[in-house]
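# Breakdown of the fold
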Amino acid sequence: MKGRKSLTSLSNIYLKKPFSHIYVENQAFKYDETYRITNFFKNSQLIEVSDYRNVFNSHNQNFNLQKKTPDLILAVKKDNFLYKGSDLCHGYENMDFYYLTNMINCLYDCDYCFIRGMYTSANIVYFVNTDDFFDAVAHEALGKDIFIPISYESDLLVMESIFRIFARWHSFCVENSNVNIEVRTKSSCINIIKEYRPVRNILLSWTLSPDLIISSYEKKSPPLQKRIKAVNQALEAGWKVRLSFDPILLIDDAEKIYTSFFNQILSEIPVDFLFDLNIGFFRMPTTYFREFKSKTQFSPVLYSDWEYSGDHVTYSSDRKEKFMKSAEPYLKEFSRLTKVLYMV
């Protein structure tokens, strides 16, 4: 009987749709945003909770199953609206570097994502008190320019039609020219961006990977050709655009796979019109890596000669040097056409 119940429960997980259940922190009912979103998902079951962490941080969750059909958690962020940027991430010129989390977790399912090592749950958390984030940012930005990636732990654009986070940040940046944000995405949702005029303090950043990497390790995300089309349309519209070849995964035949990819990018994107280009190998804080391995144990991403360097894990220096040597002609061409930032 116990085994039958387990099978029934497993079957229910596979049959249910994303966001079939919405957990709402009781304080979130004070915000109009909560009602706008719950009205969008009229057929979802609403479950009121006293603290979102009781759901999100609960024990015995199956991250990989939740990834297939995540639930939604609407919560109120109480503190720590801004965090100092990590040394493992690309910053922006000489500005103070922070990041924030309007949303936790992502609809895409990338084998290499650090979130797999960071959280026990794959359910999506959205903080409905956006104005409190704006207040914290405005206070921190008094008298100086700051840089903030706003999609550090999620891909916001792919869910813009639901949450409208980009719309609100666009309005905020128009009114606060010293606040510079990066919106990183793998999406092809360019039609959403076309609704707004480009502003100099919003940087649209696309993560591009070879199609083999996308199909194998970036599940649910758009193919390369759709991302390239979105990049070109954003450039044509006058947006400031960054490309990120990050993380580079040193799988079998990586040199062949990526040199073909680099050639495609040089052929199909006007690289000299980019703001800049970021290149980085897979890396992850050591504190996340053990949990990450337990959730990604069947992925070839894990099969490598790892090197523990300070507080993070990455590929061995020899392996990275071999790749860089093979890619050198293409990297030189990128550097000739635009500014290239390395995280190697």
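On a predicted model such as this, the values are computed, not experimentally measured, just so you know. (Residues numbered from 1 in each chain as written. Predicted model: local features only at pLDDT ≥ 70, side-chain atom pairs only at ≥ 80, totals over all residues. Heavy atoms only, no water.)

### Section: the environment of P270
Along the chain, P270 falls in the loop between α12 (254-268) and β14 (276-281). The contacts of P270, once residues within four sequence positions are left out, are N232 and L235. (Helix = DSSP H or I, 4+ residues; strand = E, 2+ residues; numbered from the N terminus. Contact = heavy atoms within 4.5 Å.)

### Describing the packing of aromatic side chains
Centre distance and the angle of the planes are the two values used to describe a pair of aromatic rings. Within this structure, the stated rule accounts for 36 aromatic pairs. With 5.1 Å between their ring centres and 70 degrees between their planes, F40 and F41 make a pair best called edge-to-face. Look at F41 and you get buried, because its relative accessible area is 14%. Taken together, a centroid distance of 6.1 Å and an interplanar angle of 50 degrees make the contact between Y258 and F262 tilted. Highlighted residues: Y258 and F262, both in helix α12, separated by four residues, approximately one helical turn. (Phe/Tyr/Trp six-rings, centres within 6.5 Å; stacked < 30°, edge-to-face > 60°. Buried < 20%, exposed > 50% of the residue type's maximum accessible area, 1.4 Å probe, protein only.)

### Digging into the layout of surface pockets
One way to see where empty space is left: roll a probe the size of a water molecule over the atoms. If you add up the space inside the second largest pocket, you get close to 290 Å³. Lining the second largest pocket are 17 residues, with Y52, R53, K77, Y83 and F127 sitting closest to its centre. A breakdown of the residues in the lining of the second largest pocket according to their chemical character gives nine nonpolar, three polar and five charged. (1 Å grid on protein atoms, 1.4 Å probe; cavity = no way out; pocket = protein on both sides within 12 Å on 5 of 7 lines; lining within 4 Å. Points joined across faces, edges and corners; volume = space filled by probe spheres on them. Nonpolar A, V, L, I, M, F, W, Y, C, P; charged D, E, K, R; others polar.)

### Let's talk about the confidence of the model for the protein
In this model, the protein carries a mean pLDDT of 90, and residues with pLDDT of at least 70 account for 92%. Contacts from residues 1-15, a stretch scored under 50 in pLDDT, to residues over four places away or in other chains number five contacts. (pLDDT = per-residue confidence, 0-100.)

### A closer look at unusual backbone geometry
Residue P247 is reached from D246 by a cis peptide bond, and omega for that bond is 10 degrees. Tracing the sequence through the fold places P247 in strand β13 (residues 240-248). Even without being glycine, R164 reaches a positive phi, approximately 55 degrees. Note that R164 resides in the loop between α7 (160-163) and α8 (165-175). On the basis of relative accessibility, which here comes to 27%, the residue R164 falls in the partly exposed class. Backbone geometry at K220 places phi at a positive 80 degrees, although glycine is not the residue there. Take K220: it is sitting in the loop between β12 (218-219) and α11 (224-237).

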